[in-house]
Amino acid sequence: MPNRDQLVFPDELLLAGAAVRCGLIEALRAGPRPVAEVAQVIEADHRALERLIEALVQLGYLELENSVVALAPEARRMLFEPESEDYTGFAFMHAYSRLGSWLALPEVIRTGKPPRKERSPEKIRYFMDAMREHARPVADAVVDLCLEGLSPPLRLLDLGGGPLNYAVPFARRGVAVTVQDMPEVVALMAPLVPPGLEIKLVGRDFREELAPGPFEVAFLGNITHIYGPDENRDLFSGVAEVLTPGGRIAILDYVRGVSTRAAYMGVNMLVSSASGGVWRADEYTAWLEAAGFGPPRIRSIEERQVLVAHLR
Ligand SMILES: C[S@@+](CC[C@H](N)C(=O)[O-])C[C@H]1O[C@@H](n2cnc3c(N)ncnc32)[C@H](O)[C@@H]1O
């Protein structure tokens, strides 16, 4: 049944997103400032800035007293204090960035092609924050399933693992982790690897070459929806070559026909990738079997599925 509560204008996202984009949030990071000074620093129209500030005060992001504006403590914790329970960083900015692609959906339906998107360092940072929030509720349970029945010493290849959300809990269980992601993601995330954990980062497109094995386990977290059947088939074959005999592949994604989020994700990939989508269990099974793996065992964690298969 249609949910009328969802058919609303995303005003908070638009206001908070605009506050980040126009530089207001960054201008207040160091502390309170007169509105007039902020307008000058971020080169804003004074009247327009006052309207935005008023709306953000109403929403609880800012405080305003005697024409001096400050981040509200709750907003500061959310944006800038990683040790706080309320911390999300700039994860919401990933949703804000996606609005443009989604508004192009009618055109995408016509052409079948996603709109052009630029991948600036800023957008990658937002994406990393969004991935952390996405993984947070399930990471430990996913890692448990991926390692079920295995014990260290283990070498694990984490493909597309640049946000480190799974690499860190794998490494905390004593696994030697090799993360392979795009060079720009690796450059951004390398300084954030917690000290003392065995995590090596490789900046290389996995469609060109995989980090040399051997690995007992390969983990593919939320990457099969970025690519189409041909790329996934090739990727699974490549993974088979870097695993030890009997090695394990563990795939985390929304399986079409199993997850109620899959249909939405399918459209999300339509507007944001050339060939991505969500794939059925029988499609995964066929690609895995073609690469030399046995049939996968599929288990659900919340709305996501973990598929585990072994080389025959
Ligand atoms: C949706 S995110 C998933 C991140 C993480 N695995 C997780 O589940 O939270 C996809 C990641 O795969 C990386 N990626 C996508 N295509 C890639 C490729 N061809 N080679 C290397 N990394 C890739 C992206 O840069 C991004 O960090």
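Preceding block: the structure.
Residues numbered from 1 in each chain as written. Predicted model: local features only at pLDDT ≥ 70, side-chain atom pairs only at ≥ 80, totals over all residues. Heavy atoms only, no water.

A. Here's a closer look at the overall build of the protein. From N to C terminus, the protein includes 14 helices and twelve strands. Relative to a compact globule of 312 residues, whose C-alpha radius of gyration would be 20 Å, the protein shows 22 Å and is just as compact. The principal-axis extent of the C-alpha atoms belonging to the protein is close to 70 × 50 × 35 Å. Here the protein holds 312 residues, and 47% of them are scored as buried. (Helix = DSSP H or I, 4+ residues; strand = E, 2+ residues; numbered from the N terminus. Rg over C-alpha atoms; globule rule 2.2 N^0.38 Å. Buried < 20%, exposed > 50% of the residue type's maximum accessible area, 1.4 Å probe, protein only.)

B. View of the environment of Val 168. The residue Val 168 is located in helix H10 (residues 167-172) in this model. With 39 residues separating them in the primary sequence, Val 168 and Asp 129 have C-alpha atoms 15 Å apart. With near-sequence residues (within four places) excluded, Val 168 lies in contact with Pro 194, Leu 197 and Ile 199. (Contact = heavy atoms within 4.5 Å.)

C. Local environment of the side chain of Glu 216. Positionally, Glu 216 belongs in strand S7 (residues 215-221). A distance of 2.5 Å separates the side chain of Glu 216 from the side chain of Arg 155, its partner in a polar contact. Beyond its immediate chain neighbours, meaning those up to four positions away, Glu 216 contacts Leu 154, Arg 155, Leu 243, Thr 244, Gly 247 and Arg 248. (Polar contact = N/O pair within 3.5 Å; in protein donor to acceptor, adjacent residues only side chain to side chain.)

D. Focus on the sheet that holds strand S12 (residues 304-310). The mixed open sheet is built from seven strands, whose spatial order is S6-S5-S4-S7-S8-S12-S11. One side of each edge strand has no neighbouring strand; the edge strands of this open sheet are strand S6 (199-203) and strand S11 (297-301). In this sheet, neighbouring strand axes are inclined to one another by 20° on average, regardless of whether the strands run parallel or antiparallel. As defined by bridge partners, strand S8 (residues 243-253) adjoins S12 across six bridges and the pair is classed as antiparallel. Following the sheet pairing, Ile 249 is matched in S12 by Ala 309. Its contacts with the sheet place helix H9 (residues 139-147) against strand S4 (155-159), S7, S8, S11 and S12, and it is angled at close to 155° to S8. (Pairing = 2+ DSSP bridges. Axes fitted to C-alpha atoms, helices over the stretch in contact; angles between N-to-C directions.)

E. Just the pattern of salt bridges, in detail. Scanning the model with the defined rule gives 20 salt bridges in all. The salt bridge partner of Glu 148 is Arg 299, with a shortest N-O separation of 2.8 Å. One end of the pair, Glu 148, is in the loop between H9 and S4; the other, Arg 299, is in strand S11, and 151 residues separate them in sequence. For Glu 148, a relative accessible area of 37% corresponds to the partly exposed category. Shared partners join several salt bridges into a network, and the residues in it are Asp 129, Arg 132, Glu 133 and Arg 136. (Salt bridge = Lys/Arg side-chain N within 4 Å of Asp/Glu carboxyl O.)

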